[in-house]
Amino acid sequence: MSSYVHATYEIETSLPLQQAAEILAGEQSTGTFVRVERETDDLRARFAAQVASLEELPLTGSSPLPGSVGDPAQRRRARLVIRFPLDNFGPSIPNLLAAVAGNLFEIKELAAIRLVDLDLPAEFAVRYPGPKFGLAGTRDLMNAPTGVLLGTIIKPSIGLAPHELAEVVDELATAGIDFIKDDELQGNGPHSPLEARVNAVMPVLKKHADRTGKMPMYAFNITDDIDRLEANHDLVVAAGGTCIMTCINMIGLSGLEYISRRSQVPIHGHRAMFGSIGRSNQVGIAFRAWQKLARLSGADHLHTNGISNKFYESDEQVLTAISDVRTPLLGTTQTIPVLSSGQWAGLAHDTYAATGTSDLLVLSGGGIHGHPDGPAGGVASMREAWASAECGESIDEAYASSAALRRAAERFGKVRA
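So, how was this worked out
- Residues numbered from 1 in each chain as written.
- Predicted model: local features only at pLDDT ≥ 70, side-chain atom pairs only at ≥ 80, totals over all residues.
- Heavy atoms only, no water.
- UniProt positions renumbered as here; feature names shortened; annotations may be inferred.
- Disulfide = S-S within 2.5 Å.
- Buried < 20%, exposed > 50% of the residue type's maximum accessible area, 1.4 Å probe, protein only.
- Phe/Tyr/Trp six-rings, centres within 6.5 Å; stacked < 30°, edge-to-face > 60°.
- Helix = DSSP H or I, 4+ residues; strand = E, 2+ residues; numbered from the N terminus.
- Core = buried A, V, L, I, M, F, W, Y, C linked by side-chain atoms within 4.5 Å.
- Contact = heavy atoms within 4.5 Å.
- Expected span 1.5 Å × (residues − 1).
- Arc of directions from axis to C-beta.
- Pairing = 2+ DSSP bridges.
- Axes fitted to C-alpha atoms, helices over the stretch in contact; angles between N-to-C directions.
- Polar contact = N/O pair within 3.5 Å; in protein donor to acceptor, adjacent residues only side chain to side chain.
- Salt bridge = Lys/Arg side-chain N within 4 Å of Asp/Glu carboxyl O.

- If you check an unreviewed UniProt entry, the protein appears there as Ribulose bisphosphate carboxylaseoxygenase large subunit from Microbacterium nanhaiense.
- Per its UniProt entry, the protein bears the Cofactor (unreviewed entry) comment "Mg(2+)".
- Under the Sequence similarities (unreviewed entry) heading, UniProt states for the protein: "Belongs to the RuBisCO large chain family."

## Some details on the state of the cysteines
Next, step 1: Taken as a whole and assessed by the stated rule, the structure comprises 0 disulfides.
Next, step 2: For the unlinked cysteine C243, the closest cysteine sulfur is that of C247, found at 13 Å.
Next, step 3: Owing to a relative accessible area of 0%, C243 belongs among the buried residues under this scheme.

## Description of the packing of aromatic side chains
Next, step 1: Throughout the structure, instances matching the rule amount to 7 aromatic pairs.
Next, step 2: Relative to F220, the ring of Y218 has its centre 4.3 Å away and its plane inclined at 35 degrees; by these criteria the two rings are tilted.
Next, step 3: Given a relative accessible area of 1%, Y218 falls into the buried group.
Next, step 4: For the ring pair Y352 and W386, a centre distance of 6.3 Å and an interplane angle of 85 degrees mean the geometry is edge-to-face. Of this pair, Y352 sits in helix α13 (residues 348-355) while W386 sits in helix α15 (residues 374-390), and the two are 34 residues apart along the sequence.
Next, step 5: Since its relative accessible area comes to 25%, Y352 is described here as partly exposed.
Next, step 6: Exposure remark for W386: the relative accessible area of 2% places this residue in the buried category.
Next, step 7: Members of the aromatic cluster, each reached through a chain of ring pairs, are F274, F287 and W290.

## Here we look at the nonpolar core
Next, step 1: Core analysis: the largest hydrophobic core is formed by 97 residues, its most contacted members being Y9, F84, V100, L118 and F124.
Next, step 2: In terms of residues, this core owes the most to one element, helix α7 (residues 194-212), which gives 7 residues.
Next, step 3: Setting aside residues up to four positions removed in sequence, F124 forms contacts with V5, L86, F89, G90, P91, S92, I93, L96, L296 and L330.
Next, step 4: One finds F179, C243, L361 and L363 within the second-largest nonpolar core, a separate group that totals 15 residues.

## Structural notes on unusual backbone geometry
Next, step 1: A cis amide bond links K155 to the next residue, P156, at an omega of -5 degrees.
Next, step 2: Among the secondary structure elements, P156 is positioned in the loop between β5 (149-153) and α6 (162-175).
Next, step 3: Look at N305: it is not a glycine, yet its phi comes out positive at around 70 degrees.
Next, step 4: Within the fold, N305 resides in the loop between β11 (301-303) and α12 (315-326).
Next, step 5: Residue N305 is classed as buried on the basis of its relative accessible area of 5%.
Next, step 6: Even without glycine at this site, S341 takes up a positive phi of about 80 degrees.
Next, step 7: As for its position among the elements, S341 is in the loop between β12 (336-339) and α13.

## A short note on α12
Next, step 1: Given a rise of 1.5 Å per residue, 12 residues ought to cover 16 Å, and the 17 Å separating the end C-alpha atoms of α12 matches this to within 8%.
Next, step 2: Residues of α12 that are buried include every one of V318, A321, I322, D324 and V325, and no others. Angularly, the buried residues of α12 cover 160 degrees about the axis, an arc narrow enough to put them on a single face.
Next, step 3: Those residues of α12 hidden inside the fold are in contact with α11 (287-296), β11, β12 and α13.

## Considering the sheet that holds strand β1 (residues 4-13)
Next, step 1: A sheet is described by the order of its strands in space; here 5 strands give the open sequence β2-β3-β1-β4-β10, paired in mixed fashion. Two strands bound the open sheet, and with one partner strand each, they are β2 (50-57) and β10 (283-285). Pairwise comparison of adjacent strand axes, ignoring direction, gives a mean angle of 20 degrees for this sheet.
Next, step 2: Of the strands in this sheet, β1, β3 (76-85) and β4 (110-119) touch helix α3 (residues 93-100), which is tilted by about 35 degrees from β1.
Next, step 3: Across the face of the sheet, α11 comes into contact with β4 and β10 while running at roughly 45 degrees to β4.

## Quick notes on the environment of S280
Next, step 1: As for its placement among the helices and strands, S280 is situated in the loop between α10 (275-278) and β10.
Next, step 2: According to the relative accessible area criterion, S280 is partly exposed, its value standing at 28%.
Next, step 3: Polar contacts involving the side chain of S280 include one to the main-chain amide nitrogen of V283, which spans 3.4 Å.

## Re the pattern of salt bridges
Next, step 1: With the rule as written, the count across this model stands at 20 salt bridges.
Next, step 2: Of the charged contacts, one joins E10 and R79 as a salt bridge, the two residues approaching to 2.6 Å between their closest N and O atoms. On the criterion of sequence distance, the pair formed by E10 in strand β1 and R79 in strand β3 is long-range, its members being 69 residues apart.
Next, step 3: Take R79: its relative accessible area is 32%, and that puts it in the partly exposed class.

## Looking at the UniProt feature "domain: Ribulose bisphosphate carboxylase large subunit C-terminal" (unreviewed entry) in the protein
Next, step 1: The residues that UniProt annotates with the feature "domain: Ribulose bisphosphate carboxylase large subunit C-terminal" (unreviewed entry) are residues 135-411.
Next, step 2: Helix makes up 51% of residues 135-411 and strand 12%, and the two end C-alpha atoms of the span are 32 Å apart.

## What about α15?
Next, step 1: Taking 1.5 Å per residue, 17 residues should reach 24 Å; α15 reaches 24 Å between its end C-alpha atoms and fits that length.
Next, step 2: Immediately beyond the C-terminal end of α15, within one or two residues, lies G392, with a positive phi of roughly 90 degrees.

## Section: the sheet that holds β12
Next, step 1: Spatially, β5-β6-β7-β8-β9-β11-β12-β13 is the arrangement adopted by the 8 strands of the closed barrel, whose pairing is parallel. Adjacent strand axes in the sheet meet at a mean angle of 25 degrees when their direction is disregarded.
Next, step 2: Strand direction decides the pairing type here: strand β9 (residues 267-270) and β11, joined by 2 bridges, are parallel. Its bridge partner being in β11, G269 is matched across the sheet by L302.

Next comes the structure, spelled out in structure tokens:
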């Protein structure tokens, strides 16, 4: 029995909607601008992509893509599903993308074209088993079986010498943080190379593990050319590290899959540069579709942003992204949504109420490092706010009982009566 990929798009066009949909399907499978001799009916029946459904939508009001053709007064918008035979590309993510997200963005008949979802057959999970550790494996390594996982990003993002980094990590570990990560800007530069950071940080973490029986997880950024990823991973693991971080869009999904097959620790997947493909409502790939491929490629943790964030996404978009990452995918291990960007203790109750779960990794950068009482106060404010939310208290009760939270509110301009 044949298997298919169903790709969902939102398009705008001045052509009749069905005609535009068929142009898209033909361009991305057997067709070209004219019917050719060997494009037989039998060949088309087996390999041509088909328009499975089409639903007209209201126009967005956005400007058309450059180079699009047709009368603007005739523009219409639709959500459509194209069915692609798996035989066309096999369970291969790079070749899948060539079909569902290749030249179609350049079709001049389309005034907008956005891939918003992918429904993938089980064959993809056979080739791409997904995360090795995910939620359960990360909790085991952190020795944190329940409750929200609280973390931070090294700040300043870049510029700290390795010995200064070690001092910051010592403060955070002493304060009881669960997770620390390199900023995505801190790779393997000459000022603070990966090896020097590993050698500075791991003795500090091991010291705390010896004292408390619990070692914070540190995600070292190993992002680099693909042929250097394995050596960077091995450096971290040999020193006793328990996590690596990759900027997924910088190494590509194939790079992520490459290091996932070799990794002995969880992979913290950063989505830096995602806005270049996901921000526009006129062109690109929506997070819902992209995150499925990142998870299949091995991301144990995946950034979704958080509510009230400093970037472009609304709270509704963020909450949808969190839900998407938590939605089961072809039987693979559960990836952890990573909430970040402008997060602080005062958002705990709203976040918990909106998501209904503590199976989250919540990263607070400035919200911890910028606390009036330093990182210790920042960690305490986050811990106390989330504990309050998880036990069903109101945010007002949390403010009444937590001096660290009240101090955080003063610092971040959100004082409550």
